[in-house]
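Coordinate analysis (summary)
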Amino acid sequence: MKILLAILFTFTAMGSEQNCLNTSSVEVDGFGSYKYFYKAPQGNAPTIVALPGGPGGTGIGSRTDFIPEEFGLIQIDPRGVGCNAALLDEYSTEIFANDVLKVLEEIKPKSFYIYGVSYGTMVATVLAHKVETEDIEGLLGVVLEGTLGRAFESLEEQIKSKKAAWDSFKETLDRTVL
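Residues numbered from 1 in each chain as written. Predicted model: local features only at pLDDT ≥ 70, side-chain atom pairs only at ≥ 80, totals over all residues. Heavy atoms only, no water.

This paragraph deals with the pattern of salt bridges. The final tally for this structure, using the stated rule, is 2 salt bridges. Residue Arg-79 pairs with Asp-99 through a salt bridge whose shortest N-O separation is 2.7 Å. Of this pair, Arg-79 sits in the loop between β5 (72-76) and α1 (93-107) while Asp-99 is found in helix α1, placing the two residues 20 residues apart along the sequence. When sorted by exposure, Arg-79 lands in the same class as Asp-99, which is buried. Between Glu-94 and Lys-130 there is a salt bridge; the shortest N-O distance is 2.6 Å. Taken as a pair, Glu-94 in helix α1 and Lys-130 in helix α2 (residues 119-133) lie far apart in primary sequence, 36 residues in all. Relative accessible area serves as the criterion here: at 41%, Glu-94 is assigned to the partly exposed category. (Salt bridge = Lys/Arg side-chain N within 4 Å of Asp/Glu carboxyl O. Helix = DSSP H or I, 4+ residues; strand = E, 2+ residues; numbered from the N terminus. Buried < 20%, exposed > 50% of the residue type's maximum accessible area, 1.4 Å probe, protein only.)

This is the structure we're talking about:
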């Protein structure tokens, strides 16, 4: 399976508790009912699995005006956040990816993209690996938004840190390479 990686840099708005009224749920590993929002695609359009930033960001009710109307949409709040605030027994990137995998197994979209924002990019890569190893079909690609870890540093700070990283890396190289 080929996975398309696109890197974007924009931000999405956060949702609110009011958005929990239109959710579905699936049981997750004995922790209870895990809520998610699902809008079915029209025709053969793919579904977008939207993973929020954070950790601690809410996905349910986040901005979706950039997604074509005919696309399906799965929005998810991690455990301990928004519509899943009551499920805070444990939390990790691995657990979040497993929870989303349960949602995918429940919905069984014919074709889908995983779309991660900020921290959601880490969850997206873990989830993509799980989808591939669990032989879940339909993954068309992975979109990573906001992966620039140094976006708020000045240009001088970025250059300084990159130079320090390069100098450190050079120390490990065989002198014939340089």
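Read on for the rest.
Moving on, we come to the packing of aromatic side chains. Summed over the entire model, instances satisfying the criterion amount to 1 aromatic pair. Residues Phe-66 and Tyr-115 carry aromatic rings whose centres are separated by 5.5 Å and whose planes lie at 55 degrees to one another, so their mutual orientation is tilted. Here Phe-66 is found in the loop between β4 (47-51) and β5, whereas its partner Tyr-115 is found in strand β6 (residues 112-117), with 49 residues between them in sequence. Judged by its relative accessible area of 36%, Phe-66 falls in the partly exposed class. (Phe/Tyr/Trp six-rings, centres within 6.5 Å; stacked < 30°, edge-to-face > 60°.)

Attention now goes to the state of the cysteines. Counting across every chain of the model gives 1 disulfide. Here Cys-20 is linked by a disulfide to Cys-83, with a sulfur-sulfur distance of 1.9 Å. The S-S bond linking Cys-20 to Cys-83 shows a torsion near -105 degrees; that makes this disulfide left-handed. You can see Cys-20 sitting in the loop between β1 (5-8) and β2 (24-27) and its partner Cys-83 sitting in the loop between β5 and α1, a full 63 residues away along the chain. (Disulfide = S-S within 2.5 Å.)

Time to look at α2. Across its 15 residues, α2 extends 22 Å between first and last C-alpha, which sits within 8% of the 21 Å expected from 1.5 Å per residue. Those residues of α2 that fall on the buried side of the exposure criterion are Tyr-119, Gly-120, Thr-121, Val-123, Ala-124, Leu-127, Ala-128, Lys-130 and Val-131. Turning to α2, the residues buried within the fold contact β4, α1, β6 and β7 (139-145). Phi for Asp-135, located one or two positions after α2, is positive at around 55 degrees. (Expected span 1.5 Å × (residues − 1). Contact = heavy atoms within 4.5 Å.)

By themselves these figures say nothing about function.
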